[in-house]
Structure formats: C-alpha cells, structure tokens
Amino acid sequence: IGTRRFVTHRCVFRKSRRAERETERPAGPTITVIVDDFGYYNNRRVREFLALEVPFTVSVIPGLEHSENICRQARGAGKEVICHLPMEPEKNGNDQGDIPLVRTAMSGGEIEKVVEQALESTPGVIGMNNHMGSKATSDMRVMGSVMKVCRREKLFFVDSYTSSKSVIAEAAKKAGVRTLRNELFHDNKGEDVRENMRKAISIASRRGSVTVIMHIKKGNAEHLRWFAEEAEREGVRIIKLTDMMGS
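Residues numbered from 1 in each chain as written. Predicted model: local features only at pLDDT ≥ 70, side-chain atom pairs only at ≥ 80, totals over all residues. Heavy atoms only, no water.

Trainee: Any chance you could break down the nonpolar core for me, citing the residues and the numbers?
Mentor: Counting residues in hydrophobic clusters, the biggest one holds 62 residues, and the most contacted among them are Ile-31, Val-146 and Phe-227. Sequence-distant contacts of Val-146, defined by excluding residues within four places in its chain, comprise Leu-85, Met-87, Val-102, Ile-111, Val-115, Met-128 and Phe-157. In this structure, Ile-34, Phe-185, Ile-213 and Met-245 belong to the second largest nonpolar core, which totals 9 residues. (Core = buried A, V, L, I, M, F, W, Y, C linked by side-chain atoms within 4.5 Å. Buried < 20%, exposed > 50% of the residue type's maximum accessible area, 1.4 Å probe, protein only. Contact = heavy atoms within 4.5 Å.)

Structure follows, in structure tokens:
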C-alpha cells in the first residue's frame, strides 16, 4: 500500500511530532461533525453538502462507484475526508461494493489487506471510522490488525461507537494511534434531527466538546446549516476533526 499519490497527499495533513504537541484545540465549547455514507451517489445532495461552509468531515465508504471521485471533490471543497471502513455487525452484515467487510473470521493478514484496499479506494484520507462494525469493533485481535495499518499509514481512527463493547480506544492506545469516539448520532431512525442537534450543543456547553455523526440523507444539509447557526448563537463552535484532535 502507499502509492506516490497516496502518501504525497497525506503529507499535507501531517505535522511534525513537535508541532502536534504545540497545537492546541481552539478555546471554548466545540463540536466536530462527521457525515457518513458518501460514495453511493454523486448527485445534487452531495453538491449541497460540499457547498456548505460548515467545517464537517466527509466519511466515504470505499469500493463504491463514486468513492474516489467524492474524495477528490470533497478535498477540493476544503473538507477533511476519512474512510468509512465497512466492518462486520452482530447481524445482517453484507459486503458492499468492491471492498468486503472486515470480519472476525479473517486472519490478521487478510484484515490488513482489506483495510489497505479500502484506503486505495479512498485516496487522500486522513483517518478512518467504522461503518457498522458492532461485532468487529468488539474484537481486540481484529482491531489490532486495523490499528496496525493506521499506524503504518499515519491515520487516526474515530470510533463510530455502534457497540458499547467496542475496544477501539484500547486497541488504538496500544498501537499508538490517535482516536476519538462518537457521542451522538443525529439521525437515527425515528428521531428528531434538530432535537438531537440541540442536545449536542448542550453537551458541548457542559463538557467543553462533543463529536457527533450524521448521514448524507435528504434534508440533512439544511439541518447542518441550521445546526452551525444555532451553535454559534449559543457560543459553541463547529470545528474540523483535526482541530478537535489537536493536530
């Protein structure tokens, strides 16, 4: 893994270890937003999201028809881009696109190969988060193999936190990989998106920061625009994922 185009682009996002230590997260309550499931389409909905001036992170599922193109478009629009790595859930897990799910039955070498293929399909990403994965992310051996690739490619890993049994934080710490954990899905089925956004603002105001995930669904670009305006009125800033990580 690691073609010239792949490594060269990542260098734009990396800093020296000294610079990383000296970089601090912006003061005041902050929120970072990840928008999952890009890659299926390259349509008006995608353009609506990429036109937003809100500094959200684009999470692209690898191996889909539009995965590579969306990565390039998103970077061109000034967005940070991560790979939305498909991982085995507890049930009803099917492969999507050209990249198979990372499965608990795979050997360490097989897992590394799948992750490397996923990264080839999402050029220029600066990190990963799990797509599904409630079973895989609960397995230390599996996550150890995933983190091995992250460390080698100088990527971070965001725990989408689809399972309370997740061992991502422990595996990342052991491998020396930076990580954050999602604390709130904005648009779970049947839930009020804007009510969840108000909840995120409240959490950030109380705790100082919060990481949230939403999806590229109909109406969500307008919800995200409203979210940024509402957060600003409450004295909370939406910041880049790398700023939240302090790098």
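Trainee: Any chance you could break down the packing of aromatic side chains for me, citing the residues and the numbers?
Mentor: Under the defined criterion, the tally for this structure stands at 3 aromatic pairs. Both rings, one in Tyr-40 and one in Tyr-41, keep their centres 6.3 Å apart while their planes meet at 45°; by these two values the pair is tilted. Each ring, one from Phe-49 and one from Phe-56, has its centre 5.8 Å from the other, and the planes form 75°; the classification is edge-to-face. On the basis of relative accessible area, Phe-56 is assigned to the buried category, the value being 1%. Every member of this aromatic cluster is reached through a ring pair, and the members are Phe-38, Phe-49 and Phe-56. Sitting over the face of the ring of Tyr-161, Arg-181 holds its NZ or CZ atom 3.9 Å from the ring centroid. (Phe/Tyr/Trp six-rings, centres within 6.5 Å; stacked < 30°, edge-to-face > 60°. Lys NZ or Arg CZ within 6 Å of the ring centre and 35° of its normal.)

Trainee: Before we move on, can you summarise the packing of helix α8 (residues 193–207) against helix α9 (residues 220–233) with the specific residues and values?
Mentor: Here α8 crosses α9 at 30°, and the two axes come no closer than 10 Å. The angle between α8 and α9 falls in the class roughly parallel. At the point where α8 passes α9, the crossing takes the right-handed sense. Residues Val-193, Arg-194, Met-197, Arg-198, Ala-200 and Ile-201 of α8 form the contact with α9, whose own contacting residues are Asn-220, Glu-222, His-223, Leu-224, Trp-226, Phe-227, Glu-230 and Ala-231. Here the residues of the contact of α8 with α9 sort into 8 nonpolar, 2 polar and 4 charged. (Axes fitted to C-alpha atoms, helices over the stretch in contact; angles between N-to-C directions. Helix = DSSP H or I, 4+ residues; strand = E, 2+ residues; numbered from the N terminus. Parallel < 35°, antiparallel > 145°, perpendicular 65-115°, else oblique. Left-handed = near helix turned anticlockwise from the far one by under 90°. Nonpolar A, V, L, I, M, F, W, Y, C, P; charged D, E, K, R; others polar.)

Trainee: Before we move on, can you summarise the pattern of salt bridges with the specific residues and values?
Mentor: Tallied over the entire structure, the rule returns 10 salt bridges. For Glu-48, the salt bridge goes to Arg-44, with nearest N and O atoms at 3.4 Å. Taken together, the residues span about one helical turn, with Glu-48 and Arg-44 both in helix α3 (residues 44–50) at a distance of 4 residues. The exposure class of Glu-48 is partly exposed, given its relative accessible area of 34%. (Salt bridge = Lys/Arg side-chain N within 4 Å of Asp/Glu carboxyl O.)

Trainee: Requested: an account of unusual backbone geometry, with residues and values cited.
Mentor: With a phi angle near 80°, Asp-37 is a residue other than glycine that sits in the positive phi range. Along the chain, the position of Asp-37 falls in strand β1 (residues 30–38). Judged by its relative accessible area of 19%, Asp-37 is buried. Look at Lys-154: it is not a glycine, yet its phi comes out positive at around 60°. Following the sequence through the fold, Lys-154 ends up in the loop between α6 (140–153) and β5 (156–159). In this structure Lys-154 comes out as exposed when scored by relative accessible area, which is 52%.

Function cannot be inferred from these measures alone, as they are strictly geometric.
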